[in-house]
Amino acid sequence: MSDKTSVAVLGTGIMGAAMAGNLARAGHDVRVWNRTRAKAEPLAADGARVSGTPAEAVDGADVVLTMLYDGPAVLEVMRDAAPGLREGAVWAQCTTVGVEPLTDLAAFAAEHGLVFIDSPVLGTRQPAESGRLTVLAAGPEEARATLAPVFAAVGSRTTWVGDDGAAGAATRLKLVANSWVLAVTHGVAEALALAKGLDVDPQSFLDAIAGGPLDLGYLKAKSAAIRAGDFTPSFATAVAEKDARLIVAAGQQVGVRLDVVAAGAERFRRAVEKGHGDEDMAASYFASFDD
């Protein structure tokens, strides 16, 4: 079996563009589509073919990879892609959609004869661009050989957590992981905001915990971005708010109250209202101030 695969990437935002670029540079036959075509066109320099419609992008593809905003967006785009879908194609659904939308997505896959793989990824812009994402995947054993070179091009590790994509084992794991990422992000933002309010040098805080169990590489990275005023998005605030609300909803469905995540979603909402929706989620920092 060839390790070069025909892959259609639907959605070329921060994550999708990086993944498509790595796939093309690895030598795969890559077709890309994005609602705003201008965001997909730079990928032509890497060898990807830019398509005008989802149906054109998926026509004859072995693997369809979706990296869009949310569950409804994925379903809408896949319905648009339906005329070009090949029966038996593998659908690697990488968007963070939450638990509930998986039912409709899996039903669509069954209706069109697709092999559905629940495969969200862990990582933000930098690991996506360097091909070092962690892929969390659930789906049938027989699809794994087809996906191996695809996932190898976009990630440094693939963790298979189940053989039924519709059951959502990978999505559920992603929500748990994201709950931690978002909590740490808010912790950094609030600590630096409080330091500003109390006229404490942020570096003295970082020095006080350096090398101990409370010191984190993530703390260093996000605090450096906040202090430099560099909110270039690796994970946009508006998307982080969406993910936070998906996590809260998932907890409610199983009787788990997630007060920290719910409060964090409100912080993101306030940051978005202040005009920081397209900036990195470290912009949670601005939610601490009234002006």
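Only a predicted model underlies this, so the values are computations on that prediction, with no experimental measurement involved. (Residues numbered from 1 in each chain as written. Predicted model: local features only at pLDDT ≥ 70, side-chain atom pairs only at ≥ 80, totals over all residues. Heavy atoms only, no water.)

Give me the pattern of salt bridges: which residues, what numbers.
All told, the structure shown has 17 salt bridges when counted by the stated rule. Its salt-bridge partner being Glu-76, residue Arg-35 comes within 3.9 Å of it at the nearest N-O pair. With Arg-35 in the loop between strand S2 (29-33) and strand S3 (49-50) and Glu-76 in helix H3 (residues 71-81), the pair connects residues that are 41 residues apart, well separated along the chain. Overall, the relative accessible area of 41% leaves Glu-76 in the partly exposed class. Note that Glu-129 is salt-bridged to Arg-125, the shortest N-O span being 3.5 Å. Taken together, the positions of Glu-129 and Arg-125, both in helix H5 (residues 125-129) and four residues apart, correspond to about one turn of that helix. On the basis of relative accessibility, which here comes to 44%, the residue Glu-129 falls in the partly exposed class. (Salt bridge = Lys/Arg side-chain N within 4 Å of Asp/Glu carboxyl O. Helix = DSSP H or I, 4+ residues; strand = E, 2+ residues; numbered from the N terminus. Buried < 20%, exposed > 50% of the residue type's maximum accessible area, 1.4 Å probe, protein only.)

A description of the nonpolar core should follow, citing residues and the corresponding values.
Ranked by internal contacts, the top residues of the largest apolar core, which has 32 residues, are Val-9, Met-19, Leu-23, Val-30, Val-32 and Leu-65. Of all the secondary structure elements, the ones that give two or more residues to this core are strand S1 (6-10), helix H1 (14-25), S2, strand S4 (63-66), strand S5 (90-93), strand S8 (133-138) and helix H6 (144-154). The residues contacting Val-32, other than those within four sequence positions of it, are Val-9, Thr-12, Ala-20, Ala-40, Leu-43, Ala-48, Arg-49, Val-50 and Ser-51. By size, the runner-up hydrophobic cluster in this structure holds 25 residues, among which are Val-64, Leu-68, Leu-102 and Phe-108. (Core = buried A, V, L, I, M, F, W, Y, C linked by side-chain atoms within 4.5 Å. Contact = heavy atoms within 4.5 Å.)

Could you give an account of the side chain of Thr-171, with specific residues and numbers?
Tracing the sequence through the fold places Thr-171 in helix H7 (residues 169-197). Apart from the residues lying within four places of it in its own chain, the contact partners of Thr-171 are Gly-98, Val-99, Leu-102, Asp-118 and Pro-120.

Just give me the short version of the layout of surface pockets, but keep the residues and values in it.
Reported here for the second largest pocket is a volume of approximately 190 Å³. What lines the second largest pocket is Val-99, Arg-172, Leu-175, Val-176, Ser-179, Ile-247, Ala-250, Gly-251, Gln-253, Val-254, Val-256 and Leu-258. Of all the secondary-structure elements, those providing two or more residues to the lining of the second largest pocket are H7 and helix H10 (237-253). Residues that form the lining of the second largest pocket fall into these classes: eight nonpolar, three polar and one charged. (1 Å grid on protein atoms, 1.4 Å probe; cavity = no way out; pocket = protein on both sides within 12 Å on 5 of 7 lines; lining within 4 Å. Points joined across faces, edges and corners; volume = space filled by probe spheres on them. Nonpolar A, V, L, I, M, F, W, Y, C, P; charged D, E, K, R; others polar.)

I'd like a rundown of empty space enclosed by the protein, residues and numbers included.
Enumeration over the complete set of coordinates arrives at one cavity of 30 Å³ or more. In this structure, the largest cavity spans a volume of roughly 30 Å³. Lining the largest cavity, in full, are Ser-179, Leu-182, Ala-183, His-186, Ala-244, Val-260, Val-261, Gly-264, Ala-265 and Phe-268. Of all the secondary structure elements, the ones that give two or more residues to the lining of the largest cavity are H7 and helix H11 (259-276). In terms of residue count, H11 provides more of the lining of the largest cavity than any other element does, five residues in total.

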